[in-house]
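Structure assessment
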Amino acid sequence: MLLSSKLFQKEASFLAQMTILMALLSCDLSHVVEQLPTITAQTSGSLIALQYDENILFKCEAKGNPRPTYRWTKDGKDFDLHKDSQLIIEESSGSFLIPNTKDKAKYQGKYRCYASNKLGTAMSEESEFIVPMVPKFPKKKIEPAVVTEGDSVVLECNPPQGIPPWQLYWMTNGNLQHIEQNERVSMGLNGNLYFSNTLLSDSHDDYCCFASFSRIRTIVQKPRMVLRVNPIQKRKPSILVPSSHYTTYLKKGEELELECIAEGLPTPSVEFIKMWENLPNRTQIKKFGKLLTIPNVTDQDEGKYMCKAKNDLGVAEHYFQVVVEEPPSWQEEPVRSRLAEIGSDIHIKCPVRGKPQPTITWKRNGQPLDGVLNPLLSHPYHAHLTEFVGSKPLPNVQLLALRTVCCSFPCFLIIYTLRREDPEGSLDGERYSLLKNGSLLIHKVEMEDMGQYKCLANNSEGTMSLTTELFIKGQPPSLIKQGSMAELECQVECDPTLRRELETLWMKDGMNILTNVSEGWVTYDGILQIVNVSHSDEGNYTCVVRTSLDQDTASAYITVLDVPDPPVQLTLSELKDRSVKLHWVAASDHNSPITEFIIQYEENHWEPEIWKELLRVAGSQFSAPLTLYGHINYQFRVIAVNAIGRSHPSIPSKRYKTPPCAPDRNPENIKIESQLPHQMDISWEPLLPVEHNGPGLEYKLSYRLMGVEDSWKEQMMKRHSFVVRDTQTFVPYEVKIQAFNSHGWAPEPRVVTSYSGEDLPLVAPEDISVEVLNSTLLRVSWSPVPQTALRGDLGGYTVHWWQTKSLMTSKRIPLERQSLTIPGNRSHTMVPGLKPFSEYSLTVNIFNQRGNGPSSSPISFTTPQGVPEQPPILRATNFQKDSITLVWAPPHETNGFLTGYLLQYQTVNDTLDELKSVNINAPGTTQWVLRDLQDDNWYKFYLSACTQVGCGSAISEEGGTVSEACKCLSEALNTSKGFHLIEGLSPGTVYTVRLQASHRVDVPSIFEEVFKTRKGEKLENLSFCGCISTRGKKKKKWFVAVMCGVALLTLLVLIGCFVIKNKSGKYTVKEKEETLADPEAQAMGEESPCEYSDNDEKLLKSSQQLFTDIKADDSSEDDGCEFDEDGSFIGEYSGYKRRVNF
């Protein structure tokens, strides 16, 4: 036992030593092993700062090896704790405290902590710091809720927003008792208090809604609400059914049912009444007096019915309009057949009735007449188709005539046709008229009108039809206007052997017509001519043709048309203060129905003996009621009108003077204009004199400031204009004008609204800003001017701008303003047309109808560089075998700093070859030699100037290389002559001739030609000189040209020179020739690769126009020259070339 005890002690001692050793090893390892950061303590969720809290802690603790470092973010951005001295930072961790101070709201936001070491970063949860605002109910007066006992009502809470959770409840403010909720009273989830029905005990003056916010420990109260429950009261009757007035339509024989249901307290009684009549005996009252029925209704049951509901408090009424409809039926026994003579008017009746009024349509032989019917009585005699009918057939005689006559007064078209047979013809639409009663009227019936006519009557209740057979007999009349000339022609065909004995006779009403011009009759070649047709010429005319074997006749009746005679027997009846009825009797219509009557009046006070139209009525009326003005002494007359024209006026009626009365209307077309700022000019259209209705007419003008003044300022006056002075500037006024005479006032006038006078605007637009879009375009914007400063109707804005200097030269430019007007209420615009690379100033002003307001302060801006303009001149010169010299002038406007030129060229022999380019980087260069060209080729050149922005548009020129070396000669011209002779040319050689005012190659040529001499010939008397080069390119076509105007042109040039000399005092031409040659030209000649003869060279006046035009035409070979292409001399800067063969 002792041994075992010792062994146990040794083992325990060893274990203790091993434990201590392991602890020491683990402690050392903790300083050696590296660990990622781990968040051990953090703040999560929301922290709400309450007034009684001391500090708010944001905790962040982490472990890791190496020891983590801490940083914070606020609302996603780095938040340095050490930069805010108010924060309390715990150095042993990343935690910090926000003190509960007055400005703690600035720390409100979302925070996150980051713990980092070299192995990584640990991130805490996001926590939010909230500084709550105390929620409040809006302070406003709440109107009492007034209901009747038993009605439902809702009291609204509408709680303010706050930090949840919140609790809502209702109490009475007086005794702070909770509102008991049950099946009748309950609070909704939205906080509203709902009463399904109300009791008298629900009336309180202190209903309050409370909102409790537990997190911020706050309770807020809504202002008290008043609920008043009134006891149930008796009600006057009102009609429930029907809800609106309407018309009941029934078919004759149906049953009428009228229902009337009313409400009220106490219950009202219902009674049915038929207005102005008793209820029919068949009437039955059902459903406790609420339903009226009448079986088998007739026309007598139609009318207005009333339902009356009444109780102790009042009466309610409702009206029913009952209409009994009837299908179409005949008013009288219809006529089934009619007989009419040709030329007469036939009236086919359709005596139908029904309700509603039936619609009438007509058919003839099954075809509708809709397309040819006139809805009213038409004017049937604009043109007339008449016919002669032969009395009997003859085998050897056929009568046929067609003649057109234009009458003398007025011009009137008449067509006469003599024919033996009546073929079918189309209906003349102007002969058919549908009268208002549905009957059909056919004017001047013809044979084609014969047939069956069917009248169809239709309404909503049914349809009926009537067929009438129309038979035609007799012969048609010819219609002639009085005063015109008529011709009747008989064309006869007979056996040629009997032609000489054929005789034509004319008869009127059976009496032979003797050819007597004094009686107005002339006959010749089978024609009867009636001159100046009168009413006595009306009658039956017969044409008789006869031979020794037989005879034939044809007849026609002539009816003479004329304007109506004036109406007669004018009488007045129904004389009233403001109306009268005029009656008259129509006189003869002279065979053309009267279509209307014109009633005119005359009064002897304001405009005596001047007749004015009062009314027009249809030709079927013979009386008319007339509405009259007061205090006027009237007389009337009537004029009848038919298709031919107007009758003379009738004899005037007796005078009738109306008594005076108040005016019927007020002035119209009121205009309010403002010429000056503090006044208002009012004018109006006065009443006509006949509208005065009595003596002492005046106008009452009333005006007041709109919305400011309640009372009207009034002025009485006789004139029709007035000026209101000392008004405010551009304020609205209400204006009305009422007419008045000694018998009273006109009706209440309408009110017109307008503004007083305008004045100039007070202020200029502000916030002017410009945006340069490119080198020539600008966008400008501004803030609108307030209406109070406008002082008038807005007219628009005006933008002014001017260039102050060019950035190329920095020199000031003379002031030249430009402007752009923008109408209406706009706040921006585009300004175009600016010059590139320049400095500008800009202002904006507003304007109204009065004028312009002040301008805004000038704002300066600059435009960027642009592309240059096109070079003005490009010339191809010195044509060599493999080179061409190009000379040009720089552009007038570079629009920036010139960087150089872009030269492009291509051959243009038969096709366009590839375009080649040369960049010329020296901006001062104006001449370039193109080398390594192919000989005997034609080129086209394009040159454009360039800036840093780019290159502008290109100018083009053409020229060609030669097959041999160029020999250039120069000769001076004698300016006193109109031509120059070039000698020593080689036959069969191509030359270029250029006329210049100087040796300098950059001087534009006045004239340039390419020509080819012919073998054995030379060119004489040509007015041109210059560089001559041989060229191998040949043309196959030859044209002959004549220099035919040289002498005349020379004379004109000399006269021009003489005039210029006398005006300007220059030296004579001779003196000019003796001057030395231009030194610059001599120097240029020395530098030229060609050889020039300078001894004889003279200066040309560049401003003198040597040639205006030379016409080329074909001529004989004696002229000594031919041109390849037709052309003429052209003016300065043209650079035009052509080839000419000599």
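Before any of the text, the structure's been laid out above.
This report concerns the structure included in the present document.

So, how was this worked out
Residues numbered from 1 in each chain as written. Predicted model: local features only at pLDDT ≥ 70, side-chain atom pairs only at ≥ 80, totals over all residues. Heavy atoms only, no water. Helix = DSSP H or I, 4+ residues; strand = E, 2+ residues; numbered from the N terminus. Buried < 20%, exposed > 50% of the residue type's maximum accessible area, 1.4 Å probe, protein only. Contact = heavy atoms within 4.5 Å. Areas by Shrake-Rupley, 256 points an atom, 1.4 Å probe, with all protein chains shown as cover. Disulfide = S-S within 2.5 Å. Patch = residues over 30% accessible without salt bridge, like charges linked within 9 Å, V, L, I, M, F, W, Y side chains within 5 Å. Salt bridge = Lys/Arg side-chain N within 4 Å of Asp/Glu carboxyl O. Lys, Arg positive; Asp, Glu negative; His and termini not counted. Charge placed at Lys NZ, Arg CZ, Asp CG, Glu CD. Core = buried A, V, L, I, M, F, W, Y, C linked by side-chain atoms within 4.5 Å. Pairing = 2+ DSSP bridges. Axes fitted to C-alpha atoms, helices over the stretch in contact; angles between N-to-C directions. 1 Å grid on protein atoms, 1.4 Å probe; cavity = no way out; pocket = protein on both sides within 12 Å on 5 of 7 lines; lining within 4 Å. Points joined across faces, edges and corners; volume = space filled by probe spheres on them. Nonpolar A, V, L, I, M, F, W, Y, C, P; charged D, E, K, R; others polar. Phe/Tyr/Trp six-rings, centres within 6.5 Å; stacked < 30°, edge-to-face > 60°.

Thoughts on the overall build of the protein
- The helix and strand tally for the protein stands at 5 helices and 86 strands.
- Across the 1142 residues of the protein, 44% fall into the buried class.
- Long-range pairs, those at least 24 residues apart, make up 67% of the contacts in the protein between residues at least 6 apart in sequence.
- For the protein, the accessible area works out to roughly 63,100 Å², and carbon and sulfur atoms hold 51% of it.

Some remarks on the state of the cysteines
- Evaluation of the coordinates by the stated rule reveals 6 disulfides.
- Bridging Cys260 to Cys307, the disulfide has an S-S length of 1.7 Å. Across the disulfide from Cys260 to Cys307, rotation about the S-S bond amounts to roughly -65°, and the bridge is consequently left-handed. With a gap of 47 residues between them, Cys260 in the loop between β23 (256-259) and β24 (261-265) and Cys307 in strand β28 (residues 303-311) connect regions that are remote in the sequence.
- The side chain of Cys350 participates in a disulfide bridge whose partner is Cys455; the two sulfur atoms lie 1.8 Å from each other. One quick way to see it: the torsion about the S-S bond of Cys350 and Cys455 is about -70°, and its sign makes the bridge left-handed.

A closer look at the environment of Cys208
- Mapped onto the fold, Cys208 is located in strand β18 (residues 204-213).
- Among the residues examined, Cys208 registers a relative accessible area of 0% and is labelled buried.
- Aside from chain neighbours lying at most four places away, what touches Cys208 is Tyr169, Trp170, Met171, Asn173, Gln221, Lys222 and Arg224.

Observations concerning unusual backbone geometry
- Pro66 follows Asn65 through a cis peptide bond whose omega is 5°.
- Following Val241, the chain continues to Pro242 via a peptide bond in cis, the omega torsion being 0°.
- With respect to the helices and strands, the residue Pro242 is situated in the loop between β21 (235-241) and β22 (247-251).
- Of note in the backbone geometry, Asn296 takes a positive phi value of approximately 50° without being a glycine.
- Within the secondary structure, Asn296 is located in the loop between β27 (291-294) and β28.
- In this structure, Glu609 takes a positive phi of about 65° despite not being glycine.

Examining a negative patch on the surface
- Residues Asp882, Asp932, Asp935 and Asp936 make up a contiguous surface patch of negative charge.
- Inspection of the secondary structure puts Asp932 in the loop between β79 (927-930) and β80 (938-946).

So, the nonpolar core
- By size, the foremost hydrophobic cluster in this structure holds 25 residues, and its most contacted members are Leu155, Trp170, Leu193, Phe195, Tyr207 and Leu227.
- Taken together, the elements giving at least two residues each to this core come down to β12 (145-148), β13 (153-155), β14 (166-172), β17 (193-195), β18 and β20 (225-230).
- In terms of residues, this core owes the most to one element, β18, which gives 4 residues.
- Filtering out sequence-adjacent residues up to four positions away, Leu193 remains in contact with Val153, Val154, Leu155, Trp170, Ile179, Val185, Ser186, Met187 and Tyr207.

Quick look at the sheet that holds strand β81 (residues 955-960)
- As summarised here, the arrangement of the 4 strands in space is β78-β77-β80-β81, forming an open sheet in which the pairing is antiparallel. Taken across any chain shown, the strands that pair with only one partner, and hence form the sheet edges, are β78 (916-920) and β81. The average undirected angle you get between the axes of adjacent strands in this sheet is 25°.
- For strand β77 (residues 900-907) and β80, the ladder comprises 8 bridges, and the chain directions are antiparallel. Residue Thr907 lies in a different strand from β80, and its bridge partner there is Tyr939.

A few points about the sheet that holds strand β8 (residues 96-99)
- Judged by pairing direction, the sheet is antiparallel, and its 3 strands sit side by side in the order β3-β8-β7 without closing on themselves. Taken across any chain shown, the strands that pair with only one partner, and hence form the sheet edges, are β3 (55-58) and β7 (88-89).

Section: the layout of surface pockets
- What the second largest pocket holds in volume is close to 410 Å³.
- In this structure, the second largest pocket is lined by 22 residues; those nearest its centre are Gln803, Ile813, Lys835, Ser838 and Tyr840.
- For the lining of the second largest pocket, the secondary-structure elements that each account for two or more residues are β70 (794-806) and β73 (838-848).
- Partitioned by chemical class, the residues of the lining of the second largest pocket number 9 nonpolar, 9 polar and 4 charged.

Remarks on the pairing of β14
- Within β14, 5 of the 7 residues are buried, leaving the element largely enclosed by the surrounding structure.
- As judged from the 7 bridges shared by β14 and β18, these two strands associate in the antiparallel manner. Residue pairing for β18: Trp166 is matched across the bridge by Phe213.
- Strand direction decides the pairing type here: β14 and strand β15 (residues 177-178), joined by 2 bridges, are antiparallel. Paired with Thr172 across the two strands is Gln177, which belongs to β15.

A short note on the pattern of salt bridges
- Enumeration over the complete set of coordinates arrives at 24 salt bridges.
- A salt bridge links Lys274 to Glu277; its shortest N-O distance comes to 3.6 Å.
- In this structure Glu277 comes out as partly exposed when scored by relative accessible area, which is 46%.
- Where Arg665 meets Glu691, a salt bridge forms, and the shortest distance between an N and an O atom there is 2.8 Å. With a gap of 26 residues between them, Arg665 in the loop between β59 (656-657) and β60 (668-673) and Glu691 in the loop between β61 (679-685) and β62 (698-705) connect regions that are remote in the sequence.
- We classify Arg665 as partly exposed; its relative accessible area is 24%.
- A single network of salt bridges, built from pairs that share partners, joins Arg431, Glu446 and Asp449.

A closer look at the packing of aromatic side chains
- Under the defined criterion, the tally for this structure stands at 25 aromatic pairs.
- Arranged with centres 6.4 Å apart and planes meeting at 50°, the rings of Phe79 and Phe96 form a pair that is tilted. Residue Phe79 is found in strand β6 (residues 77-79), and its partner Phe96 is found in strand β8; the two are separated by 17 residues along the sequence. Grouping residues by exposure puts Phe79 and Phe96 together as buried.

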